[in-house]
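# Observations on the three-dimensional arrangement
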Amino acid sequence: MNQTHSDLLGRLNLDSLPITALIKNPGTNEIVANVAGLVMLVGVLVVLFILTKFRLWRPLWSDWLTSTDHKKIGIMYVVFGIMMLARGVIEGVVMRAQQAMGAGSGFLEPDHFAQLFSTHGTIMVFFVAVPFVLGYINFVMPLQIGARDVAFPVMNQISLGLTVAAGMILMVSLVVGEFSTGGWTAYPPYTGARFNPGVGPDYWIWAIVVSGVGTTLSGINFAVTIYKMRAPGMLLSRMPLFCWTVICSSILIIFAMPPLSVAALLLGADRYMDFHFFTNDLGGNMMNYANLFWLFGHPEVYLLVLPVYGMYSEIVSTYSAKRLYGYLSLVIATMSIAVLSFTVWLHHFFTMGQSALINAVFGIATMLIAIPTGVKVYDWMATMYRGRIRFNVPMIYLVGFLILFVIGGLTGVILASPTVDFQVHNTLFLVAHFHNVLIPGVLFGLLAGYNYWFPKAFGFRLNERLGKLTAYLWIVGFMITFLPLYVVGLMGMPRRSYSYTDTEFVPWLVLAFIGALMILSALLVFLEQLRVSIRDRDQNRVPFGDPWDARTLEWSISAPPPEYNFAIIPTVTKRDAFAEAKITGQAYGSDDAYEDIKLPKNTPVGIMLCVLSGVWMFALVWWIWWLVALVTALIFLLVIGWSFFVDNERVIPAAQVRQEHQAWLAKLKATPPVDRDKEFSPENLGYAKTELAGDA
């Protein structure tokens, strides 16, 4: 142990609160820190007030927090991701403001700036991108393969609980203690006990370990679901491309997350038990951490981006009114990327002392991975070629992605050369590159999927005008924010710099700050779009579930879908099963083969593990050992006790399923289909007039 504490609250005391620092040393830096904590506390109080005023506690508990329905779990993942996105964007704006004023030292202290870039990276990668991706997979994938749920519904609920608990511990760091200053990668020695004895790195360690367990469980769940629960006739060669990207991403999760968890736990052993895995003395080696982290870190990029590639594939096919071009080549490219992603991790530390031969091998592997990515870009463009394209919101994001992602990819190929990397490593050129890949490659796709599948999830369309404004603000704001950083990086400005003396940087960094304000505006318009859409939902209902004339099975059922997904499990005979059925006029055939449907009962185990693991992490961070022991025992008792509970299924009678399905079919048959000219009018009830004839 680094220190000995006998106090009941470990190392927790009044000095752990930001307000104490403000009282002792008032200044702009302390005001910014306290305002951030105050905003979080006010947000929590507002949510509690709304839940109480509108008596939402009971439905929140019974319909959502204890639900094992994959669709509701997916929606909760996305809601959590949006909440964390708000914090991540605001932190990014504050950092850009600090650097715009950095020639005069700005308004933040170096330590606070270091906390900002550490939390920003950690949140955006682990608690925005990951929950968003897991949310879409949860909602869409079982519907696309014709399943009633994922393979392990309760484990799915537990995965969500662990992810949310880990995200919340980062929010707690705003008001109790401070966060790590070691960056989102948490490299030692910056996170070692001697260099950084505070609680910041401990917040990072336990958040990463717990969220990593949740994500790994999700990867196992998704892989088993696709392998074992596809509808009759849905061969692997007939799966939608999104499902192919999900299975490859799930394999990446299963094999890439453990190295990160091991690295974080070993770092914790160094800090908590005075081990020396990553120190300069007693046999430790900091490079062991770098290898373990990036053995996870580069596959992590692709376990995020591959499902988004799948989303883009679904979107480009639907809004081009064409079958996806090059299906087989896209599948092969997806698998190639998944394999090659494990062969390139060392390019993240070309400058750290390996031999020239090793650098050359990893440089070549990095260049090779661009080839299957290029195949995908050409296939998407070929799908659009001579298509009947609709430039709806998802397609705007797709076009922005194609342009900007190619730029980011080309700069990645440049950085794959070790000699070039030596010159621009740890400059803002590198910051521009990875944002140029992750924002168009992941975030734009997630926002496109949000607009695409929202009507399926909630039964009404989003406001198109505000959606387009959001998209343009994101795209233009991104370009103004990050393209200037390429220039400043080539001029030699190191990344993570809170101040500088070269005034030539100032115009470019002021421009980047203006772009960051545009991104903040995009976030605000995004939230306004949701508010307006909820207000006007009655004019935009799509109960029949297919507002876009789409191609895959999730669009063949009502919106929102019934809890059992399909009244009758479909039999698949071709790829794009729903499109084929629409062409032949058999998309909504009535079948009398209804059966009783078994579904898992609601259970509180996920939310209970969420709360317990949150308390467990907090106690570990602050060395409250009696609480660590108590909560550990409670977690074991909960898991063991739940394993003995066998009454965990309920039955929906076939008669009820028949009644609900036949009533929906009757209403659909009495409704005229709507063509694309009226796609955003109240007449579009989700029964699109197909333009797919002769295409499938």
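Each chain has its residues counted from 1, following the order in which its sequence is written. In view of the model being predicted, local features appear only for residues whose pLDDT reaches at least 70, and side-chain atom pairs are presented and counted only at 80 or more, with totals across whole chains, interfaces and linings using the full set of residues. The basis for every side-chain value is the complete set of heavy atoms in the structure, and neither hydrogens nor water enter the calculation.

Attention now moves to the overall build of the chain. Along the backbone of the chain there are 21 helices and two strands. Viewed in the frame of its principal axes, the chain has a C-alpha envelope of about 70 × 55 × 45 Å. Classification of residues uses two cut-offs on accessible area relative to the type maximum, computed with a 1.4 Å probe and protein chains only: under 20% is buried, over 50% is exposed, and between them is partly exposed. Looking at the 696 residues of the chain, the share that counts as buried comes to 57%. In the chain, the share of contacts with a sequence separation of at least 24, taken over all contacts with a separation of at least 6, comes to 83%. Throughout, the Shrake-Rupley method with a 1.4 Å probe supplies accessible areas, and for residues the shown protein chains are the sole cover considered. Carbon and sulfur atoms form 69% of the exposed surface of the chain, whose accessible area is close to 28200 Å². The helix and strand labels rest on DSSP assignments: H or I over at least four residues marks a helix, E over at least two residues marks a strand, and numbering proceeds from the N terminus. Should any heavy atoms of two residues lie within 4.5 Å, those residues are counted as being in contact.

Before going further, it helps to examine the domain arrangement of the chain. For the chain, the assigned domains read domain 1 (1–55), domain 2 (56–541) and domain 3 (542–603 + 648–696). A straight line from the C-alpha centre of domain 1 to that of domain 2 covers 28 Å. Across the contact, 23 residues belong to domain 1 and 22 residues belong to domain 2. Here domain 1 meets domain 2 over a buried area of about 1800 Å², counting both sides, of which 61% is carbon and sulfur. Any Lys or Arg side-chain nitrogen found within 4 Å of a carboxyl oxygen on Asp or Glu counts as a salt bridge. Our count for the domain 1 to domain 2 interface comes out at one salt bridge. What counts as a domain boundary in this text is fixed by an automatic or database domain assignment. We define buried area as the total accessible area lost by two parts upon association, computed with a 1.4 Å probe and summed across both.

Here, expected helix span is obtained from the residue count minus one, scaled by 1.5 Å. In this model, helix H11 (residues 356–368) (13 residues) spans 18 Å end to end at C-alpha, consistent with the 18 Å of a helix rising 1.5 Å per residue. The set of residues buried in H11 consists of Asn359, Phe362, Gly363, Ala365 and Thr366. The buried side chains of H11 occupy one side of the element, clustering within an arc of 165° when seen end-on. Among the exposed residues of H11, those pointing more than 90 degrees away from its buried face are Ala356, Leu357 and Ile364. Elements that come into contact with the buried residues of H11 comprise helix H12 (370–384) and helix H14 (418–424). The reported arc concerns the directions from the helix axis to the C-beta atoms and nothing else.

Moving on, we get to the environment of Val646. Mapped onto the secondary structure, Val646 falls in the loop between helix H20 (625–643) and strand E2 (649–652). Overall, the relative accessible area of 71% leaves Val646 in the exposed class.

What follows covers empty space enclosed by the protein. Points on a 1 Å grid, built from protein atoms alone, make a cavity when a 1.4 Å probe fits but cannot get out and make a pocket when they are open with protein on both sides within 12 Å along at least 5 of 7 lines; residues with an atom within 4 Å of a point are the lining residues. Grid points are joined across faces, edges and corners, and a volume is the space filled by probe spheres set on the points. For the coordinates displayed, the defined rule picks out five cavities of 30 Å³ or more. Around the largest cavity, the lining comprises 14 residues; the ones closest to its centre are Leu241, Glu314, Ser317, Leu324 and Asp576. When residues in the lining of the largest cavity are grouped by element, the largest group, four residues, is from helix H9 (residues 286–319). Polar here means any residue other than Ala, Val, Leu, Ile, Met, Phe, Trp, Tyr, Cys and Pro, which are nonpolar, and Asp, Glu, Lys and Arg, which are charged; Gly is therefore polar. When grouped by side-chain class, the residues that make up the lining of the largest cavity number five nonpolar, four polar and five charged. Taken as a whole, the second largest cavity holds about 70 Å³ of empty space. Partitioned by chemical class, the residues of the lining of the second largest cavity number three nonpolar, one polar and seven charged.

What follows covers the state of the cysteines. The definition used for a disulfide is geometric: two cysteine sulfur atoms within 2.5 Å. Taken as a whole and assessed by the stated rule, the structure comprises zero disulfides. In this structure Cys243 is not part of a disulfide, and its nearest cysteine sulfur, from Cys248, lies 11 Å away. Under the relative-accessibility criterion, Cys243 is labelled buried at 0%. You can call Cys248 buried: its relative accessible area is 6%.

Right, let's get into the side chain of Ser533. Within the element layout of this structure, Ser533 appears in helix H17 (residues 506–535). Whenever a nitrogen or oxygen atom comes within 3.5 Å of another N or O atom, the pair is scored as a polar contact, on the condition that within protein one atom can donate a hydrogen and the other can accept it, and that pairs from neighbouring residues in sequence are kept only if both atoms are in side chains. A distance of 2.6 Å separates a polar atom in the side chain of Ser533 from the backbone oxygen of Gln529. The residues contacting Ser533, other than those within four sequence positions of it, are Phe460, Arg461, Leu462 and Asn463.

Attention now moves to the pattern of salt bridges. If you walk through the whole model with that rule in mind, you get 17 salt bridges. In this structure, Arg271 engages Asp202 in a salt bridge whose closest nitrogen and oxygen atoms are separated by 2.7 Å. Highlighted residues: Arg271 in helix H8 (residues 241–273) and Asp202 in helix H7 (residues 200–228), separated in sequence by 69 residues. By relative accessible area, which is 2% here, Arg271 ends up buried. A salt bridge links Glu691 to Arg388; the nearest nitrogen and oxygen atoms lie 3.4 Å apart. Taken as a pair, Glu691 in the segment after helix H21 (654–669) and Arg388 in the loop between H12 and helix H13 (393–415) lie far apart in primary sequence, 303 residues in all. Judged by its relative accessible area of 35%, Arg388 is partly exposed. Connected through shared salt-bridge partners, Arg11, Asp202 and Arg271 make up one network.

Its location among the elements puts Gly88 in helix H4 (residues 70–100). A residue is classified by how much of its surface remains accessible, and Gly88, at 0% relative accessible area, is buried. Once the C-alpha coordinates of Gly88 and Leu116 are considered, the two residues, 28 residues apart in sequence, prove to be 9.2 Å apart. Excluding its chain neighbours within four sequence positions, the residues that come into contact with Gly88 are His120, Ile123 and Met124.

Our next topic: H9. Between its first and last C-alpha atoms H9 spans 49 Å; for 34 residues at 1.5 Å apiece the expected length is 50 Å, and the two agree. Within H9, the axis deviates most sharply at Trp294, by approximately 25°. Burial analysis of H9 places 28 of its 34 residues in the buried class, the great majority of the element. Capping of H9 at its N-terminal end is provided by Asn285; its side-chain oxygen lies 2.8 Å from the backbone amide nitrogen of Met287. One axis is fitted to the seven residues ending at the residue and one to the seven starting there. The bend at that residue is the angle between these axes.

A few words now on the environment of Tyr327. Here Tyr327 shows up in helix H10 (residues 327–340). On the basis of relative accessible area, Tyr327 is assigned to the buried category, the value being 9%. For the pair formed by Tyr327 and Asp538, sequence separation is 211 residues and the distance between their alpha carbons is 38 Å. If we skip the residues at most four places from it in the chain, Tyr327 touches Leu236, Ser237, Arg238, Met239, Leu241, Trp244 and Arg575.

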